[in-house]
Each structure stands twice: as structure tokens, then as C-alpha cells.
Amino acid sequence: MWHKLKGFYPKLIHMTCLAHALNLVCEVIRHNFDDVDLLLSNIKKVFLKAPTRIQLYKELLPDTPLPPEPILTRWGTWIKAAIFLADNFDKIKSVVIQFEDSASRAIEKAKKSLLSNDIKRHLIYIKTHFKILPDSIKQLEAVGMCLSDSMYIIENLRASLKCTPGEVGQLASKETRIIAYKKSRI
């Protein structure tokens, strides 16, 4: 469609949504951390529509907000939820451990995940290396941003992810290189 408009507007530049492209990078990360994805899903279920559990949570952790609910259609919320869990892992674990397993399958699965040897390490890895993604998405969602400003955000993100160790870091870095390459060809 935009090719037809180019005839009427020769200076037209077509850009896919950079925020959407960064969300695809977030999806690559999510798909490579199934254990974290399972934990976040079950923590969400544990507190969803459960007033007694929410009340106990608030009594035991009065200064800690409830865990954010990752909503896959809202860009960056999965990473934000993982960061929150990394920051408050021991607190949330202490609350969830107190719930009875028989009350919900989600509680049983959340406890099993929280007791896993790798889960805390994975959460810290996500927080350390990918916390820039939700902030970058939010910045790119701003209305009226100049092309140069959006490219600066992408280049900053690329530089940050380039230093990320591990296979997931390489995949995320590769995805941002593809985004930057496509944008530079405009």
C-alpha cells in the first residue's frame, strides 16, 4: 500500500513500528526461558481473583506491591514482571510457600518453580541484561518522535545487548541487529 502512496509523496518514508519490533525481541527472550514463563504465569494465577491470598500477601509484605501481571499483548510487561520477581524473589517465595498446595494447582506449580535451583539465576540474568527493553519500548511509543531519536534508542539498545553473554543474549543481539539493519536501509 505504501508503495502506491510513494508516487504521490516522493519523500515518504515507511517505518514499521520499532516498539513492535522490540517486543519481538522480548518474545525471543520469553521463549528461551520456559521456567521463568511458567513461574510468572503461575504467580499471576495464584493472586488472580484470590482475595484471601492477596490479603495475606499485603499483611506479610505491606511495603511491596502485588506482582505485576504479565500481559503478552502489552509490550514489555513480561520482562517487567520478571524484573519485579528478581527484585523481590525471596519475599514472594516466603509468601507463596505458606499457601496450601491443595488450594490450587497454580500454587503447587509456583512452589515447585520457586524451589528450582535455576529460577533465581535466570531472573537475575533477565533483569541484568534485558531491563533496557521495556524502557526502550516505552520511549519508542512516544508520539511525534524524530527518526534520529528513535534510531538513537535502537543503537543504544544494540550496544547494550551486544555485550550480553550467553545464547539468549546472542539471539536478542541478533534480533536488534536485524532491526537496525532494516531501518538503515530506509
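For the structure itself, look to the data block above.
These numbers were taken from a predicted model, which means no experiment stands behind them. (Residues numbered from 1 in each chain as written. Predicted model: local features only at pLDDT ≥ 70, side-chain atom pairs only at ≥ 80, totals over all residues. Heavy atoms only, no water.)

Caption draft 1: Representation of the packing of aromatic side chains. According to the stated counting rule, one finds four aromatic pairs in the structure shown. A ring pair is formed by Y125 and F130, whose centres lie 5.7 Å apart and whose planes are at 75 degrees; its orientation type is edge-to-face. Taken together, the ring pairs connect F33, Y125 and F130 into an aromatic cluster. (Phe/Tyr/Trp six-rings, centres within 6.5 Å; stacked < 30°, edge-to-face > 60°.)

Caption draft 2: Looking closely at unusual backbone geometry. Of note, the phi angle at K49 is positive, near 55 degrees, even though the residue is not glycine. Within the element layout of this structure, K49 appears in the loop between α3 (34-47) and α4 (51-60). (Helix = DSSP H or I, 4+ residues; strand = E, 2+ residues; numbered from the N terminus.)

Caption draft 3: Seen up close, the pattern of salt bridges. For the coordinates displayed, the defined rule picks out seven salt bridges. For D37, the salt bridge is made with R30, and the minimal N-O distance between the two is 3.2 Å. One salt bridge in this structure joins R158 and E155, with 3.1 Å as the shortest N-O distance. Of this pair, R158 and E155 are both found in helix α10 (residues 147-162), three residues apart, which corresponds to roughly one turn of the helix. The partly exposed category is assigned to R158, whose relative accessible area is 27%. (Salt bridge = Lys/Arg side-chain N within 4 Å of Asp/Glu carboxyl O. Buried < 20%, exposed > 50% of the residue type's maximum accessible area, 1.4 Å probe, protein only.)

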